Amino acid sequence: MEKLQAEDARYLKRKVKRGSLDVHPTEKALVVQYEVEATILGEMGDLMVGERKECQKIIRLKSLNANTDIASLARKVVEECRLIHPSKLPEVEQLLFYLQNRKKPDKQEKHSPRDLTPFEGMELDEEANINSIDDYVELLYEDIPEKVRGATLILHLARNPDNLEELLQNETALGALARVLREDWKQSVDMATTIIYIFFCFSSFSQFHGLVTHYKIGALCMNIIEHELKRYDLWQDELQKKKKACEEDPDNQNVKKEHEKSFKKYQGLLIKQEQLLRVSLYLLLNLAEDTRTELKMRNKNIVHMLVKTLDREDEELLVLVVSFLKKLSIFLENKNDMAETYAVEKLARLLACDHEDLLNTTLRLLLNLSFDTGLRRQMVQTGLIPKLSLMLADESQGQLCMCILYHISVDDRFKSMFAYTDCIPQLMKMLFDCGESPMDPELISFCINLAANKRNAQVICEGNGLKMLMKRGLKLKDVLIMKMIRNLSQHDGPTKNLFIDYVGDLAAQIGAEEREEYVIECLGTLANLTIRDLDWELVLKEYNLVPYLKDHLKPGSAEDDLILEVVIMIGTVSMDDSCAATMAKSGIIPALIVLLNAQQEDDEFVCQIVYVFYQMVFHQATRDVIIKDTQAPAYLIDLMHDKNAEIRKVCDNTLDIIAEYDEECGRKVQSEKFRWHNSQWLEMVENRAMGDDGEPFMYGDDGEPFMHNGDILERPDLFYSADGIIPADGIISPEFFTDYQNGDIGQAGGFPGSMNIDMFGQSTVTPGQRPATAYGIRPDQQLFYSYSGAASR
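How each quantity is defined
- Residues numbered from 1 in each chain as written.
- Predicted model: local features only at pLDDT ≥ 70, side-chain atom pairs only at ≥ 80, totals over all residues.
- Heavy atoms only, no water.
- Helix = DSSP H or I, 4+ residues; strand = E, 2+ residues; numbered from the N terminus.
- Buried < 20%, exposed > 50% of the residue type's maximum accessible area, 1.4 Å probe, protein only.
- Contact = heavy atoms within 4.5 Å.
- Areas by Shrake-Rupley, 256 points an atom, 1.4 Å probe, with all protein chains shown as cover.
- Patch = residues over 30% accessible without salt bridge, like charges linked within 9 Å, V, L, I, M, F, W, Y side chains within 5 Å.
- Salt bridge = Lys/Arg side-chain N within 4 Å of Asp/Glu carboxyl O.
- Lys, Arg positive; Asp, Glu negative; His and termini not counted.
- Charge placed at Lys NZ, Arg CZ, Asp CG, Glu CD.
- Axes fitted to C-alpha atoms, helices over the stretch in contact; angles between N-to-C directions.
- Parallel < 35°, antiparallel > 145°, perpendicular 65-115°, else oblique.
- Left-handed = near helix turned anticlockwise from the far one by under 90°.
- Nonpolar A, V, L, I, M, F, W, Y, C, P; charged D, E, K, R; others polar.
- Phe/Tyr/Trp six-rings, centres within 6.5 Å; stacked < 30°, edge-to-face > 60°.
- Lys NZ or Arg CZ within 6 Å of the ring centre and 35° of its normal.
- Core = buried A, V, L, I, M, F, W, Y, C linked by side-chain atoms within 4.5 Å.
- Expected span 1.5 Å × (residues − 1).
- Polar contact = N/O pair within 3.5 Å; in protein donor to acceptor, adjacent residues only side chain to side chain.

Engineer: Lay out the overall build of the chain with the relevant residues and their values.
Structural biologist: Along its length, the chain carries 41 helices and four strands. A burial count over the chain gives 47% of its 793 residues as buried. Sequence-distant contacts, at least 24 apart, represent 67% of the contacts inside the chain between residues at least 6 apart. A total accessible area of about 41900 Å² is found for the chain, and carbon and sulfur atoms account for 48% of it.

Engineer: With reference to specific residues and values, describe a negative patch on the surface.
Structural biologist: Where like charges cluster on the molecular surface, the negative patch consists of Asp-134, Asp-135, Glu-138, Glu-142, Asp-143 and Glu-146. Top contributing element to the negative patch by residue count: helix α4 (residues 133-139), with three residues. The residue Asp-143 is located in the loop between α4 and α5 (144-158) in this model.

Engineer: Which residues make up the pattern of salt bridges, and what are the values?
Structural biologist: All chains considered together, the criterion is met by 27 salt bridges. Taking the shortest distance from any N to any O, the salt bridge between Asp-233 and Lys-308 comes out at 2.7 Å. Pair noted here: Asp-233 is in helix α10 (residues 217-248) and Lys-308 is in helix α13 (residues 302-309), with a separation of 75 residues, a long-range link. Asp-233 sits in the partly exposed class, given a relative accessible area of 28%. The salt bridge partner of Glu-514 is Lys-477, with a shortest N-O separation of 3.3 Å. Note that Glu-514 is positioned in the loop between α28 (503-507) and α29 (516-527) and Lys-477 in the loop between α25 (465-476) and α26 (479-488), a separation of 37 residues in sequence. According to the relative accessible area criterion, Lys-477 is partly exposed, its value standing at 30%. Each of Lys-483, Arg-486, Glu-521 and Glu-565 takes part in salt bridges that share partners, so that together they form one network.

Engineer: I'd like a description of the side chain of Lys-496, backed by residues and values.
Structural biologist: By the element assignment, Lys-496 lies in helix α27 (residues 494-497). When residues no more than four places from it in sequence are discounted, the contact partners of Lys-496 are Ser-489, Gln-490, His-491, Asn-528, Leu-529, Thr-530 and Ile-531.

Engineer: Provide a residue-level description of the packing of helix α38 (residues 645-661) against helix α39 (residues 663-677), including the pertinent values.
Structural biologist: α39 packs onto α38 with a crossing angle of 135 degrees between their chain directions and a minimal axis gap of 6 Å. Taken together, the axis directions place α38 and α39 in an arrangement best described as oblique. Handedness of the crossing formed by α38 with α39: left-handed. In this structure, α38 uses Asp-652, Leu-655, Asp-656, Ile-658, Ala-659 and Tyr-661 to contact α39, whose residues at the interface are Glu-663, Cys-665, Gly-666, Val-669 and Lys-673. Looking at the contact of α38 with α39 residue by residue, the class counts come to six nonpolar, one polar and four charged.

Engineer: Residue-level account of the packing of aromatic side chains, with values.
Structural biologist: Summed over all chains, the structure comprises ten aromatic pairs. Look at Phe-199 and Tyr-215: their rings are 6.2 Å apart centre to centre, the planes differ by 55 degrees, and that puts the pair in the tilted class. One end of the pair, Phe-199, is in helix α8 (residues 189-203); the other, Tyr-215, is in the loop between α9 (209-214) and α10, with 16 residues separating them in the sequence. Across this residue pair, the class does not change: Phe-199 and Tyr-215 are buried. Taken together through their ring pairs, the aromatic side chains of Tyr-197, Phe-200 and Tyr-282 make up a single cluster. When the ring centre of Tyr-232 is taken as origin, the NZ or CZ atom of Arg-312, which lies over that ring, is 3.8 Å away.

Engineer: Pulling in residues and values, what's your account of the nonpolar core?
Structural biologist: By size, the foremost hydrophobic cluster in this structure holds 203 residues, and its most contacted members are Leu-431 and Met-484. Those residues in contact with Met-484 that sit more than four places away from it in its chain are Met-428, Leu-431, Ile-444, Cys-447, Ile-448, Ala-451, Ile-460 and Leu-469. Counting 21 residues, the second-largest nonpolar core is a separate cluster that includes Leu-30, Ile-70, Ala-74 and Ile-84.

Engineer: A description of helix α35 (residues 603-616) should follow, citing residues and the corresponding values.
Structural biologist: Taking 1.5 Å as the rise per residue, α35 with 14 residues should run 20 Å; its terminal C-alpha atoms sit 20 Å apart, in good agreement. The element α35 is largely enclosed, with a buried count of 13 among its 14 residues. By the N-cap criterion, in which a side-chain oxygen at the helix start approaches the backbone nitrogen of a residue two or three places on, α35 is capped by Asp-602, the distance to Glu-604 being 3.0 Å.

Engineer: Give me the lowdown on unusual backbone geometry, citing residues and values where you can.
Structural biologist: One non-glycine residue with positive phi stands out, namely Lys-216, at about 55 degrees. Positionally, Lys-216 belongs in the loop between α9 and α10. We classify Lys-216 as exposed; its relative accessible area is 62%.

Engineer: Go over the packing of helix α2 (residues 70-80) against helix α3 (residues 89-101), please, and point to the residues and values.
Structural biologist: Orientation of α2 relative to α3, taken along the N-to-C sense of each, is 125 degrees, at an axis distance of 9 Å. Overall, the two elements α2 and α3 adopt an arrangement that is oblique. As α2 runs across α3, the sense of the crossing is right-handed. Contact residues: α2 offers Ile-70, Ala-71, Leu-73, Ala-74, Arg-75, Val-77 and Val-78, while α3 offers Leu-89, Val-92, Glu-93, Leu-96, Phe-97 and Gln-100. Of the residues contributing to the contact of α2 with α3, the split by class is ten nonpolar, one polar and two charged.

Engineer: Break down the environment of Ile-70 for me, citing the residues and quoting the values.
Structural biologist: Residue position: Ile-70 is located in helix α2. Along the sequence, Ile-70 and Leu-95 sit 25 residues apart, while their C-alpha atoms lie 9.6 Å from each other. Those residues in contact with Ile-70 that lie beyond four places of it in its chain are Leu-64, Glu-93, Leu-96, Phe-97 and Gln-100.

Okay, here's the thing in structure tokens:
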């Protein structure tokens, strides 16, 4: 049988068909495509065509450089390679000339995070064959160089997804790879990188994650990463010591050469280490698709490792690390770990890079982190506001920068910092460039937040800023622009005075035919204009606003937001004496009391209605109406001890003014204040007086009880007194003596009540002081709009 096969072989002929020539895409090499055809002599003596196979040969040109003689090199290639016909010499010269002048591939070539690029050490002179897998596994039992070669051959197979199913069935190969990695990864970085790369190829497909988990490759990668980071720290320390030695003895050439040698060695080690880190982190990123696996990584301090890796310079590695952090940042525990490790400070450094993918991924991570108040503070402290402001004009990154800055602008303590950057002029330009087309919600929301700060408002209104905003807001009836204008109008000083020219335009918008949310903004803007020189009586008459205001005081006549703005508007116009009289005559005061009863659970309504009473008691005409014709004083006395501090403050101020002009009301107020301050003592005295067994101290010197059937407030001798300073006349509360001893007489919160009183007993509170819960500084109202899709996961 063997003889017959040998004889048959004599009749086997091979015919080679020369094919095409091309250049290698990445290397300095020529690629020759050719076809081999086998011809067999049949039993009858005829020729039979056998198997055909397409092949290629790679001719590497190591000597090719800028000074190479192309013609000589082309002749040498044609002579030594029989696959190239001599007639193709000109074509070879042309291809060699192209290779000689071809530019090196750009190092910043884009790769998606899941496309792991080849690295140094993966090249092979032979082609891997799936049929030879057993031979490659045998190499894994040899010395380190053979192990590296065997693992590299298997890696070339694994990089083809078509081979993964067959490799999956070969448990011997996978077990050997896992064993070698587990036992020998410290002996060779190249070997560890190659084997992890093989398992990375499996991890790229979710159905193979179980295989990677079975061999515990993820946990092993965590250990490898931790070890490599510690090695990196040791390298850094060693380099710093040698660098310091050079600086201390700059003339010592031996020390200098030693430092240079160590630095070159460090650079070579760093390249290999970063390749190992890249492939290990990519594998972990793939496995982190399962949240349970991700939790295990978190328990092993994956966030701390990633943040520590941000100090590296390799941009491809940084893209991976930042992408991994972005994925982790959507969970609270991981976000807290990033705050503890000051990740924001390291991310801020990356904003100056030119790598577009790295910059985009970094901004998306910062956007996720910007939802946390503490991390926003870190962003401000690291100087992100000016950096992000400069990037607003960037078409590709501007939207992300705006969303991050918008989140920062939510905090009142950071709003003023935008005034000292180029941010506001850029935003105003974007607003005006929109023309009459709809604006991005992020843009206008950001502007609304910034307008709530006084310094920002001044920058916005510079030049024709306010005029352009008014023109767009009134022409398009844009609610969001009007909300921004409303925020601008709340600031005292020169900004508020600019609105005098637009009072008529705003008042003309108040009507039932307009949209309610639009009227709310226009009415709120007018209500903010507490300008003494403004003739509100003329405005009310010319635009017939009094009936509108009265009609919208009825509970249920409109949305609560609109009714509240009507109340605030009445408080503003009531600063004017004639306007206050007009309001009183129109029956608005009883309507306010009805509204107070209906909205008594709403602190904002109560505070603003009481503020209207406060403004009206400054004027003789309205003061008499409030005191004599309404139950307002009684309501105010009931509200003196409200749980809301602002309501108590406005009530005290209003009642103090009423007490100056009405003695009876003044006595009631003093009595109520005393009862409140001494409630426990009064309760004790009254309970003792009502007891069956009288105590000795309940009787005076004459044996008569202190309490007959009279009111305890009619016994001023029972009150606290300070001998030689203030007589015990029953009108001074214990709080006064405490203030007197502390030196607080005459200050805010002093006697009487909580209102400031000058030496003549007159109020020093001006009517224009709006309570703190009025619009513009209301703590419970959001001044911004949320948007969808801002946070990237």
